[in-house]
Amino acid sequence: MGYKNLQSCLADLEKIGELKRISVPVDPRLQVGAIQRRVCAAGGPALLFTNVTGSKFPMLGNLFGTLKRTEYLFRDTIPVVKKLMDLKIDPGKLVKNPFSFLKLPFQAIHALPKKKSSGPVFAQEISIRDIPQLVSWPKDGGAFITLPQVYSESVQNPGWQKSNLGMYRIQLSGNEYLPNQEIGLHYQTHRGIGVHQQEAIAAGKPFPVNIFIGGAPSMTVSAVMPLPEGIPEVSFAGVLAGHRIPLALTSHSTLPIYAEADFCIVGEVIPNCTKPEGPFGDHLGYYSLTHSFPVLRVKKVFAKKDAIYPFTTVGRPPQEDTSFGAFIHELTGKVIPAVLPGVRAVHAVDATGVHPLLLAIGSERYTPYNPTIEPQEILTQANSILGNGQLSLAKYLFIADGSDAPFLNVHHVNEFLTYVLERFHPARDLHFQTATTIDTLDYSGESLNHGSKLVLAVAGPKIRNLASVVKISSLPDGFGKIKMVLPGIVAVEGKGDIETLCHHLENQNTDGVPLVVVVDDADFTSKNLNNFLWVTFTRSNPSHDVYGVGSFVKNKHWGCTGPVVIDARIKPHHAPALQDDPATEKFVDSLAISGGPLAGLF
């Protein structure tokens, strides 16, 4: 039941034709990542690179590249996890149908890690330089681990029960790191490891951290699961794997070491020390730039005898991490109403890089006191969403009252936007938080981690028909092309002044157009839904970039009488967008010719 390690997983995938071996020499700098992204985009198999330049270890890419394959990996345990989720949603089900839950106590034992004194991971001691040096994008600052499982514990309450297992990127080389002695540890705000580090600083104690790579696929997935505080990821990993996770307690580390990991880096965060980390091509489709982050002093590096190095590359969505998000939703989506009362569904839109845009369905349950049906309770629900775990990193939240709309689905983004814009009152329904934290990887704000949030909340009946053709007859100087993106949404291209544009639109026919987006390239933005989403929500900061036709402030509430205008042009402080390396792409093309090692994969 489940896979105990990566080797057994790959043997199974190879049997069913879901693994492709690549034996030609491939460089972990740019080439491996470019191949993985191409095959992932084509919905292809997992890739095992057995001839990696500069390393004796094979590299595994695209393991989670499709939702179908990810579901296959956990086919034996998904029903168990879903039953546990059912109990979280409705504990009464245990009373109503106890026989369907009879096996749960025996399966729940897998949540308890198994203590070991050794394990396969200790087969050989290596150096950081021996790990495959993956560089995904041309301007990356060095080699990175992109599927790490970073393990830490509370120094106040040590033990796995208070542990955190997170996927925080690790820079292995470059910048000012001492080769083979120091590596960079990058984590975003609102992460469990940050709480642990702060505890260590306050207590004046060393802060040990172990980094696992590989092992059972359940450990990788658990490292990205948005679990509630107090639930250790290693426990969830055991349930998802169908076996207890083996943790070895040895003299090599004050923390336990995952015995079936393919690699383990034992280290300690250097007190009062940060060094430049980055740049790194990230999942929003831009580089996250160089900033100071904690440094890990490397004490030991271990590897299995037959160690395999799993990796992914990220970039503008969709990428391999898209299937992570889909799988997480499959497991946890039904729990949302239990965690956030009144909220029917929440969707982090992958096309925007996840955190920039959330779509949600709430409910106005107290209508006897709200006969006009306007946003009231859903504003409370919006605050709950933005105060919950990783959802707190969101920048835009569109929330609709779904009381009279059982058909509404947050995953049908086009239809959801139409529903919202048909009901949107621009003078009433915009609610800002103007100085707060946003995703560390989002550069639309003017400094790291600092930005704003906008809640757009709608309730009540439809108030407009959305226009499907552009009726605006002229634009002010500095603006040229104008394109219809979606019903009710217009893209305007140009470098002119936004306030001037807003004043000009007061005298134009904007009926049925509640949203205008100002962009650098109207053709690109209007080409498809994903382009519009990516441009609009990754290149704007609500407090600075949301304007309006007929804007006003009343009792500190900002609104407008005409269309909302979003400035989604690239600004000087924005990070550069990711671009493929032409020479690398030409190399990949050469491998895909008829009879080549990648023939037929994309």
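Residues numbered from 1 in each chain as written. Predicted model: local features only at pLDDT ≥ 70, side-chain atom pairs only at ≥ 80, totals over all residues. Heavy atoms only, no water.

Asker: What is the right way to read the layout of surface pockets from this model?
Answerer: One water molecule sets the probe size; rolling that probe over the atoms shows where empty space is left. One number sums up the size of the second largest pocket: a volume of about 440 Å³. Surrounding the second largest pocket, 20 residues form its lining, Arg-37, Trp-137, Arg-316, Gln-319 and Asp-580 being those nearest its centre. Sorting the residues of the lining of the second largest pocket by element identifies helix H2 (31-41) and helix H10 (320-332) as the ones contributing at least two each. Classifying every residue of the lining of the second largest pocket by side-chain character gives eight nonpolar, seven polar and five charged. (1 Å grid on protein atoms, 1.4 Å probe; cavity = no way out; pocket = protein on both sides within 12 Å on 5 of 7 lines; lining within 4 Å. Points joined across faces, edges and corners; volume = space filled by probe spheres on them. Helix = DSSP H or I, 4+ residues; strand = E, 2+ residues; numbered from the N terminus. Nonpolar A, V, L, I, M, F, W, Y, C, P; charged D, E, K, R; others polar.)

Asker: Which parts of the structure should I look at to understand empty space enclosed by the protein?
Answerer: This model, assessed by the stated rule, comprises five cavities of 30 Å³ or more. In this structure, the largest cavity spans a volume of roughly 90 Å³. Lining the largest cavity are Tyr-396, Phe-398, Leu-421, Phe-424, Leu-430, Leu-454, Leu-456, Pro-514, Leu-515, Phe-537, Val-564 and Ile-566. Where the lining of the largest cavity is concerned, the elements lending two or more residues are strand S21 (396-401), strand S23 (450-458) and strand S30 (564-567). If you trace the second largest cavity, you find it lined by Leu-284, Tyr-286, Leu-441, Asp-442, Tyr-443, Ser-444, Thr-538, Arg-539, His-574 and Ala-575. Grouping the constituent residues of the lining of the second largest cavity by class yields five nonpolar, three polar and two charged.

Asker: Help me out: how do you make sense of the packing of aromatic side chains in this one?
Answerer: Any pair of aromatic rings gets described here by the distance separating the centres and the angle formed by the planes. Following the criterion strictly, the structure yields 17 aromatic pairs and no others. Centroid distance Phe-144 to Phe-280: 4.6 Å. Interplanar angle 55°. Geometry classified as tilted. Residue Phe-144 is found in strand S6 (residues 144-145), and its partner Phe-280 is found in strand S15 (residues 280-281); the two are separated by 136 residues along the sequence. For Phe-144, a relative accessible area of 1% gives the class buried. (Phe/Tyr/Trp six-rings, centres within 6.5 Å; stacked < 30°, edge-to-face > 60°. Buried < 20%, exposed > 50% of the residue type's maximum accessible area, 1.4 Å probe, protein only.)

Asker: Help me understand the side chain of Glu-268, please; the structure alone is not making it clear to me.
Answerer: With respect to the helices, strands and loops of the structure, Glu-268 is situated in strand S14 (residues 263-277). A polar side-chain atom of Glu-268 sits 3.2 Å from a polar atom in the side chain of Lys-299. Other than its neighbours up to four places away in sequence, Glu-268 contacts Pro-206, Phe-207, Pro-208, Val-209, Val-295, Leu-296, Arg-297 and Lys-299. (Polar contact = N/O pair within 3.5 Å; in protein donor to acceptor, adjacent residues only side chain to side chain. Contact = heavy atoms within 4.5 Å.)

Asker: In this structure, what is going on with the environment of Ile-270? I would like to understand it.
Answerer: Tracing the backbone shows Ile-270 in strand S14. On the accessibility criterion, Ile-270 (10% relative accessible area) is buried. Linking Ile-270 and Pro-208, residues 62 residues apart in sequence, is a C-alpha distance of 9.3 Å. Once you skip the residues sitting within four places of it in the chain, Ile-270 turns out to touch Glu-182, Val-295 and Arg-297.

Asker: For this particular structure, what's the right way to read the nonpolar core?
Answerer: One recurring pattern in soluble globular proteins: nonpolar side chains tend to sit buried together. Among the nonpolar cores identified, the biggest contains 48 residues, and Phe-398, Phe-416, Phe-532 and Leu-533 are the most heavily contacted of them. The leading source of residues in this core is helix H13 (residues 413-423), at six residues. Excluding its chain neighbours within four sequence positions, the residues that come into contact with Leu-533 are Val-349, Ala-351, Thr-352, Leu-357, Val-413, Leu-417 and Thr-538. Membership of the second largest hydrophobic core comes to 47 residues, among which are Val-39, Met-59, Leu-134 and Val-269. (Core = buried A, V, L, I, M, F, W, Y, C linked by side-chain atoms within 4.5 Å.)

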